[in-house]
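What follows is the residue order along each chain.
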Amino acid sequence: MSDAFHLSDDQLAIADIARGFTAQAITPHAAQWDRDHHYPSDVWKAAGELGLGAIYVSPEGGGSGLGRLEAALVMEAMAYGCPATSAFISIHNMAAWMVDSFASDALKASWLPRLVTMEAIGSYCLTEPGSGSDAAALRTTARRDGDDYILNGTKQFISGAGYNDLYLVMARTGDETARGISCFAVEKGMAGLSFGKPEEKLGWNASPTAQVILDDVRVPASHLVGGEGQGFRIAMAGLDGGRLNIGACSLGGAQRCLDEALTYVKERRQFGKAIADFQNTQFTLADMATDLEAARALLYVAAAKVTAGAPDKTRFAAMAKRLASDNGSTIVDKALQLFGGYGYLRDYPVERFWRDLRVHRILEGTNEVMRMIIARDLLA
């Protein structure tokens, strides 16, 4: 931002590009993708051509080299059409940034050109069946064997599992603490790598989710991302940006539903007048708009802090994610209520956003964990 209250001309242009791409390539198709559980892989290359697959990958790595605020603007704009698609691109950006920031030169040379263009798609693999919020308790192991590591374990709730090309897997190479965790780049097609059945979910139907199963997967030591024992730190660094992005997806979805509600209440008539003329409707809309702008302001500040590497960046990322995802869900729920029975029908987009935004309070760290992070930093 040029100052605390205005986006720069470049940032406004980036948001306009993302909105135009969304209006053309995402919004007209999102409802059908949701109904058909369609994974819109054809959209990724078009997004990659605009630089949306490597928003904060360095220019040296072939990326745009932009900050976390610019990334948030892109995610917010795309979520206006489809939160699931926007969040998927967010996860890919996080994976590409991790490779660019921590991988060896050889691994970068092998994968970054394809990740940047979204010819290849990356997944982030931290969560396991027995370790969700307690991520450091993961049980996937990586045992050194000559010039390789042998990986065994199962990852849960992995977006793009079975479809994507590169999986950044957190596995235990040392003791039972967070310091015993390392990060590995596992390629689709490696012997012993398989995937569970697609999960049947409430929402995010345009984004496939499944287990990643590692059964004696032999991974070259050159695929270690960072050093041994640095995996958890790398994973958490990625999550600061991921939390901002998922908060931005909540903003975009909430804005879409507020706009849909504004149009609907002006057209819908009851008791002889538009329901927009009732004070209760007006108060509801006022609260929705206020809550949206409050969350947006905090998220933009948090994004600037993460870009700058501010000491309190992790706390602000957690605060922004918590507020944006909570407020976003509430705003969409109020929009559905304003639509009445029609809001519950798939003829209108609000019910899809209601389903898609609900998971934002769970992934990238539950909002309860966000409160723990915030409180721990305040009390330190």
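A brief report on the enclosed structure follows. (Residues numbered from 1 in each chain as written. Predicted model: local features only at pLDDT ≥ 70, side-chain atom pairs only at ≥ 80, totals over all residues. Heavy atoms only, no water.)

Scanning the protein chain from N- to C-terminus turns up 11 helices and 10 strands. At 21 Å, the protein chain has a C-alpha radius of gyration in line with the 21 Å of a compact globule built from 380 residues. For the C-alpha atoms alone, the extent of the protein chain along its principal axes is close to 80 × 45 × 40 Å. Within the protein chain, the fraction of its 380 residues that count as buried is 54%. Partitioning the intrachain contacts of the protein chain with sequence separation of at least 6 by distance along the chain shows that 73% fall at a separation of at least 24. Summed over its atoms, the accessible surface of the protein chain is roughly 16,200 Å², and 53% of this surface lies on carbon and sulfur atoms. (Helix = DSSP H or I, 4+ residues; strand = E, 2+ residues; numbered from the N terminus. Rg over C-alpha atoms; globule rule 2.2 N^0.38 Å. Buried < 20%, exposed > 50% of the residue type's maximum accessible area, 1.4 Å probe, protein only. Contact = heavy atoms within 4.5 Å. Areas by Shrake-Rupley, 256 points an atom, 1.4 Å probe, with all protein chains shown as cover.)

The next subject is unusual backbone geometry. One can expect most non-glycine residues to show negative phi and most peptide bonds to be in trans. Backbone geometry places Asp216, a non-glycine residue, at a positive phi of 55°. Secondary-structure assignment places Asp216 in strand β7 (residues 209-220). Its relative accessible area of 48% is what places Asp216 among the partly exposed residues. Unusually for a residue other than glycine, Phe271 sits at a positive phi of about 55°. Structurally, Phe271 is set in the loop between β9 (269-270) and β10 (273-274).

Moving on, we come to the packing of aromatic side chains. Geometrically, a pair of aromatic rings is defined through the distance of the ring centres and the angle of the planes. Within this structure, the stated rule accounts for 12 aromatic pairs. Ring geometry for Tyr39 and Tyr163: centres 4.9 Å apart, planes at 55°, overall tilted. You can see Tyr39 sitting in the loop between α2 (30-36) and α3 (41-49) and its partner Tyr163 sitting in the loop between β3 (148-159) and β4 (166-172), a full 124 residues away along the chain. Exposure remark for Tyr39: the relative accessible area of 10% places this residue in the buried category. Where Phe339 meets Tyr348, the ring centres are 5.4 Å apart and the plane angle is 65°; that geometry is what we call edge-to-face. Ring pairing ties together the aromatic residues Tyr39, Trp44, Phe88 and Tyr163, which thus form one cluster. One residue, Arg68, lies across the ring of Trp97, its end atom 4.9 Å from the ring centre. (Phe/Tyr/Trp six-rings, centres within 6.5 Å; stacked < 30°, edge-to-face > 60°. Lys NZ or Arg CZ within 6 Å of the ring centre and 35° of its normal.)

It is worth spelling out the nonpolar core at this point. Formed by 102 residues in total, the largest nonpolar core has its most connected members in Met98, Tyr124, Leu168, Met170 and Leu299. Per-element accounting of this core gives the leading share, 15 residues, to helix α7 (residues 231-267). Ignoring sequence-local partners within four residues, the contact set of Met98 consists of Ala103, Tyr124, Leu168, Met170, Cys183, Val225 and Ile234. Core analysis: the second largest hydrophobic core is formed by 19 residues, Tyr167, Val169, Val212 and Val217 among them. (Core = buried A, V, L, I, M, F, W, Y, C linked by side-chain atoms within 4.5 Å.)

Take Tyr264: it is sitting in helix α7. Taking the C-alpha atoms as reference, Tyr264 lies 8.6 Å from Ala276; in sequence the two are 12 residues apart. When sequence neighbours within four positions are dropped, the list of residues in contact with Tyr264 reads Ile275, Leu338, Phe339 and Tyr342. Separated by 3.5 Å, the side chain of Tyr264 and the backbone oxygen of Phe339 make a polar contact. (Polar contact = N/O pair within 3.5 Å; in protein donor to acceptor, adjacent residues only side chain to side chain.)

Of the two faces of strand β1 (residues 122-125), the one holding Gly122 and Tyr124 and the one holding Ser123 and Cys125 are both buried throughout. Where β1 and β4 come together, four bridges link them in parallel fashion. Paired with Cys125 across the strands is Val169, a residue of β4. (Pairing = 2+ DSSP bridges.)

Per the counting criterion, the structure on display carries 16 salt bridges. Notably, a salt bridge pairs Asp148 with Arg218, separated by 3.0 Å at the nearest N-O pair. You can see Asp148 sitting in strand β3 and its partner Arg218 sitting in strand β7, a full 70 residues away along the chain. Because the salt bridges share partners, they merge into one network encompassing Asp34, Arg346, Glu351 and Arg355. (Salt bridge = Lys/Arg side-chain N within 4 Å of Asp/Glu carboxyl O.)

As a further point, take the pairing of strand β5 (residues 181-187). Burial analysis of β5 places six of its seven residues in the buried class, the great majority of the element. Examined bridge by bridge, β4 and β5 share seven bridges and lie antiparallel to one another. When the sheet's bridge partners are listed, Val169 is paired in β5 with Phe184. Sheet analysis places β5 next to strand β8 (residues 224-225), joined by two bridges and oriented antiparallel.

Moving on: the side chain of Asn164. Secondary-structure assignment places Asn164 in the loop between β3 and β4. Classification of Asn164 by relative accessible area gives buried; the value is 0%. Of note is the side chain of Asn164, whose polar atom sits 2.9 Å from the side chain of Tyr39. Contact partners of Asn164, with chain neighbours within four places excluded, come to Tyr39, Phe88, Ile121, Gly122, Ser123, Ser159 and Lys188.

On to helix α4 (residues 68-79). In a regular helix each residue adds 1.5 Å, so 12 residues correspond to 16 Å; α4 covers 16 Å between its end C-alpha atoms and thus fits that length. Buried residues dominate α4, accounting for 12 of its 12 residues. The complete set of buried residues in α4 reads Arg68, Leu69, Glu70, Ala71, Ala72, Leu73, Val74, Met75, Glu76, Ala77, Met78 and Ala79. The inward-facing, buried residues of α4 contact α1 (9-25), α5 (83-102), α7, α8 (279-308) and α10 (350-358). (Expected span 1.5 Å × (residues − 1).)

On to the packing of helix α9 (residues 313-339) against helix α11 (residues 367-379), then. Put simply, α9 and α11 touch, their axes get as near as 9 Å, and they point 145° apart. Read as a crossing pair, α9 and α11 show a hand that is left-handed. Along the contact surface, α9 presents Thr314, Arg315, Ala318, Met319, Lys321, Arg322, Ser325 and Asp326, while α11 presents Asn367, Met370, Arg371, Ile373, Ile374, Asp377 and Leu378. Looking at the contact of α9 with α11 residue by residue, the classes come out as six nonpolar, three polar and six charged. (Axes fitted to C-alpha atoms, helices over the stretch in contact; angles between N-to-C directions. Left-handed = near helix turned anticlockwise from the far one by under 90°. Nonpolar A, V, L, I, M, F, W, Y, C, P; charged D, E, K, R; others polar.)

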